[in-house]
Amino acid sequence: PFTFAYRGETFAAELYYASGVETTAETTWTYNPALPDWTKKVVETEDEMRLNLAYIVAESISIGWSYKTYKLVTDEDATYYTPTLVDTLYDSKVTIDTTTMSVMASWRLMDMIYLAAGIENETMTMKGESALGTLEAVDNGWMNTVFGIGFVVGEPEDTQFRVEASMIQSPESKKDAD
């Protein structure tokens, strides 16, 4: 992973990039002692990029913009044996691509209370293929509404205590596969 961050008096930026982060899980289990063991191997590969920008408009008001892409590829190889000793192979590969763009605003009250609100536009595409054929692709998008409140107690150059709460409202979004 790669991270770059900058914080100035009125502007802040963060860039995060990770490619090819891989997780592997292998399992073997006995369905019936008279049959060969079932096996399964799952490899997940993740790619992620985030860009966050923030600008202080006035002493107590700031705005922010965020862009994020996330890709998850799940590759599954499995062998199952049925009571008739038929070797059943199940291989599949599913790709999920998600893109999110956000605009947020925050307002500081009395140097200790922060209120924030914003919107996120999120799109997701899922497609795949398996030993049984090509899986149908799903392309969907929705708009989230984000609200938050935070309390900060303490001095900036000393110990501070911070509590935050947030809520995201997402409408139901259904779309049939292509």
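Structural data are supplied above this passage.
**Considering the overall build of the chain**
Line of reasoning, step 1. Scanning the chain from terminus to terminus reveals 0 helices and 8 strands.
Line of reasoning, step 2. The N-to-C order of helical and strand elements in the chain reads β-β-β-β-β-β-β-β.
Line of reasoning, step 3. Against the globule reference of 16 Å for 178 residues, the chain gives a C-alpha radius of gyration of 23 Å, more extended than a compact globule.
Line of reasoning, step 4. Taking the principal axes of the C-alpha coordinates as reference, the chain spans close to 75 × 40 × 25 Å.

**Looking at the pairing of strand β2 (residues 11-29)**
Line of reasoning, step 1. Note: strand β1 (residues 2-7) against β2, 6 bridges, orientation antiparallel. Paired with F4 across the bridge in β2 is L15.
Line of reasoning, step 2. Counted along the chain from β1 to the antiparallel partner β2, the turn is 3 residues long.
Line of reasoning, step 3. Sheet topology note: the β2/strand β3 (residues 38-58) ladder contains 17 bridges and is antiparallel.

**Quick look at unusual backbone geometry**
Line of reasoning, step 1. Phi is positive for M110, close to 55°, though the residue is something other than glycine.
Line of reasoning, step 2. With phi around 55°, D111 is a residue other than glycine that occupies positive phi space.
Line of reasoning, step 3. In this structure, D111 sits in the loop between β5 (87-109) and β6 (113-130).
Line of reasoning, step 4. Judged by relative accessible area, which is 58%, D111 ranks as exposed.

**Some points on the side chain of S102**
Line of reasoning, step 1. By the element assignment, S102 lies in strand β5.
Line of reasoning, step 2. The class of S102 is buried, set by a relative accessible area of 5%.
Line of reasoning, step 3. Not counting residues up to four positions away in its chain, the partners in contact with S102 are G64, W65, S66, I119 and E120.

**Focus: the pattern of salt bridges**
Line of reasoning, step 1. Under the definition given, this model contains 5 salt bridges.
Line of reasoning, step 2. With a shortest N-O distance of 3.7 Å, E76 and K40 are connected by a salt bridge. Of this pair, E76 sits in strand β4 (residues 61-81) while K40 sits in strand β3, and the two are 36 residues apart along the sequence.
Line of reasoning, step 3. For E164, the salt bridge identified is with R162, shortest N-O distance 3.0 Å. Each member of the pair, E164 together with R162, is exposed.
Line of reasoning, step 4. What emerges from the salt-bridge pattern is a single network uniting E48, R50 and K68.

The rules behind these values
Going along each chain's sequence as written, the residues are numbered from 1 onward. Predicted model: local features are reported for residues with pLDDT of at least 70 only, side-chain atom pairs are reported and counted for 80 or more only, and whole-chain, interface and lining totals are derived from all residues. Water and hydrogen atoms play no part in the side-chain values, which are based on all heavy atoms of the structure. Note on conventions: DSSP H or I runs of at least 4 residues are helices, E runs of at least 2 residues are strands, and numbering of each starts at the N terminus. Radius of gyration: over C-alpha atoms. The globule rule applied is 2.2 Å multiplied by the number of residues raised to the 0.38 power. Two strands are said to pair when DSSP picks up at least two bridges between them. Exposure is judged per residue with a 1.4 Å probe applied to protein chains only, and the accessible area is read against the type maximum: over 50% gives exposed, under 20% gives buried, and values in between give partly exposed. Any two residues whose heavy atoms approach within 4.5 Å at even a single point are treated as in contact. Criterion for a salt bridge: a side-chain nitrogen of Lys or Arg within 4 Å of a carboxyl oxygen of Asp or Glu.

These results come straight from atomic positions and should not be treated as a statement about function.
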